[in-house]
Amino acid sequence: MLLKDKVAVITGGAGINGLGYATARQMAAQGARVAILDLARAAPAEAAARLGAAHLGLVADVTDKAACEAAAAAVLKAFGRVDVLVNNAGITQPGKTLEITGGDYDRVLDVSLRGTLYMSQAVLPAMRAQGAGAIVCISSVSAQRGGGIFGGPHYSAAKAGVLGLARAMAREFGTDGIRVNCITPGLIETDITQGKLGPERKREIEDTIPLARLGRAEDVAGACVFLASELSGYCTGITRDVNGGMLIH
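The rules behind the values
- Here the residue numbering is sequential within each chain, running from 1 through the sequence in written order.
- Whole-chain, interface and lining totals are the exception, using all residues; otherwise, since this is a predicted model, local features are given only for residues with pLDDT of at least 70 and side-chain atom pairs are given and counted only at 80 or more.
- Computation of side-chain values covers all heavy atoms of the structure but excludes hydrogens and water.
- UniProt positions are given in the numbering used here, feature names are shortened, and annotations may be inferred rather than shown by experiment.
- Starting at the N terminus, helices and strands are each numbered in turn, a helix being any DSSP run of H or I of at least four residues and a strand any DSSP run of E of at least two.
- The quantity called the radius of gyration is restricted to C-alpha atoms. Its globule counterpart is 2.2 Å times the number of residues to the power 0.38.
- Only protein chains enter the accessibility calculation, which uses a 1.4 Å probe; a residue is then buried when its area is under 20% of its type maximum, exposed when over 50%, and partly exposed in between.
- Residues are treated as being in contact if the distance between any of their heavy atoms lies within 4.5 Å.
- For the accessible areas, the method is Shrake-Rupley and the probe is 1.4 Å, while residue cover comes only from the protein chains on display.
- For this count, His and the chain ends are skipped, Lys and Arg are scored as positive, and Asp and Glu as negative.
- We put the charge of a Lys on NZ, of an Arg on CZ, of an Asp on CG and of a Glu on CD.
- Take the buried residues of types Ala, Val, Leu, Ile, Met, Phe, Trp, Tyr and Cys, join any two whose side-chain atoms come within 4.5 Å, and each joined set is a nonpolar core.
- By this definition, two strands are paired if DSSP reports at least two bridges between them.
- Call a crossover right-handed when, viewed with both strands pointing away from you, the route from the first strand across the helix to the second goes clockwise.
- Polar contacts, as counted here, are pairs of nitrogen or oxygen atoms within 3.5 Å of one another; within protein the pair requires one atom able to donate a hydrogen and one able to accept it, and residues that are adjacent in sequence qualify only if both atoms are side-chain atoms.

Going by what an unreviewed UniProt entry lists, the protein is known as 3-oxoacyl-[acyl-carrier-protein] reductase FabG and is assigned to Paracidovorax wautersii. Note on the protein: under the UniProt heading Sequence similarities (unreviewed entry), the record states "Belongs to the short-chain dehydrogenases/reductases (SDR) family."

See below:
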């Protein structure tokens, strides 16, 4: 198993149809003990229980630094170490540039970008102490192509910021044995997309994708497992596209 005896923390991981939960499921199948972090209304303890008794679900708001630190401490108390962090928590919002309010901007950037920073800060001391760790940050093809199907420019900016932050952390912590990499999903069928794409619009989008389908949460989860495991042991600071060829560059 690729992650036998490893401990993985996944933010925004409780949604049953989301990228985070698909990643939690695959990492558990590969031998990891998983801690799912999410807001109270997402019921992370219930999500973790669906994986089995060996796993942990914690309520944590990634925009709150103290909450991130408390969650990291709880994981360390329960499992004794943190080997993997998947910074998956994020929100999107449609809109045009001239429509974005200060509140809109703050909400979207706080979760994706500030949350990535705060949760990384919370686990990095433990990873540094053990001399090893892998952080996987979920960005978006929207950051690369300057816009997506659902998110506005502030979403693109937030996800582009994640790319820059991850690369800077990769440079800073490489000598500590900590790898930091990004995944840029294309259009993935999750709860966010359900009911927002009619059959005709879905076919139009699929016609622009070389693999001729929208992505599945499991597609992204597989990339997360790869970047968390020793299969990618010489990879840091990279951006792994998972978009079916939507963007080839």
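### Describing the overall build of the protein
Counting its regular elements, the protein contains 8 helices and 9 strands. Relative to a compact globule of 249 residues, whose C-alpha radius of gyration would be 18 Å, the protein shows 17 Å and is just as compact. Buried residues in the protein amount to 48% of all 249 residues. Contacts in the protein between residues at least 24 apart in sequence constitute 72% of all its contacts with a sequence separation of at least 6. A total accessible area of about 11300 Å² is found for the protein, and carbon and sulfur atoms account for 53% of it. Side-chain charges in the protein split into 25 positive and 23 negative, and the spacing between the mean points of these groups amounts to 4 Å.

### A few points about the nonpolar core
Judged by nonpolar contacts, the single largest core of 35 residues is most densely connected at V9, L37, V75, M119, C137 and V180. At the level of secondary structure, the elements contributing two or more residues to this core comprise β1 (7-11), β2 (33-38), α3 (65-79), α4 (102-130), β5 (133-138), α6 (153-173) and β6 (178-185). Apart from the residues lying within four places of it in its own chain, the contact partners of M119 are V9, T11, L37, C68, A72, L85 and N87. Core analysis: the second largest hydrophobic core is formed by 30 residues, I10, L51, V84 and I183 among them.

### Concerning the pairing of strand β4 (residues 84-87)
Residues of β4 alternate between two faces, with V84 and V86 on one and L85 and N87 on the opposite face, all of them buried. Strand direction decides the pairing type here: β1 and β4, joined by 3 bridges, are parallel. Residue pairing across strands places A8 opposite V84, the latter belonging to β4. Strand direction decides the pairing type here: β4 and β5, joined by 4 bridges, are parallel. Each residue of the ladder has a partner; that of V84, found in β5, is A134. Traced from β4 through α4 to β5, the parallel crossover comes out right-handed.

### A short note on the environment of S156
Considering the arrangement of structural elements, one finds S156 in helix α6. As for S156 and G146, which are separated by 10 residues in sequence, their C-alpha atoms are 6.2 Å apart. The residues contacting S156, other than those within four sequence positions of it, are S142, A143, G146 and G147. Here G147 takes part through its backbone nitrogen, which lies 3.2 Å from a polar atom of the side chain of S156.

### Some words on unusual backbone geometry
At D5, a position not held by glycine, the phi torsion is positive, near 70°. For D5, the location among the structural elements is in the segment before β1. A positive phi angle, close to 65°, is found at A212, a residue other than glycine. Mapping A212 onto the fold places it in the loop between α7 (199-206) and β8 (215-216).

### Focus: the side chain of N181
Mapping N181 onto the fold places it in strand β6. From its side chain, N181 meets the backbone nitrogen of T236 in a polar contact 3.5 Å long. If we skip the residues at most four places from it in the chain, N181 touches I135, V136, C137, L227, C235, T236, G237 and I238.

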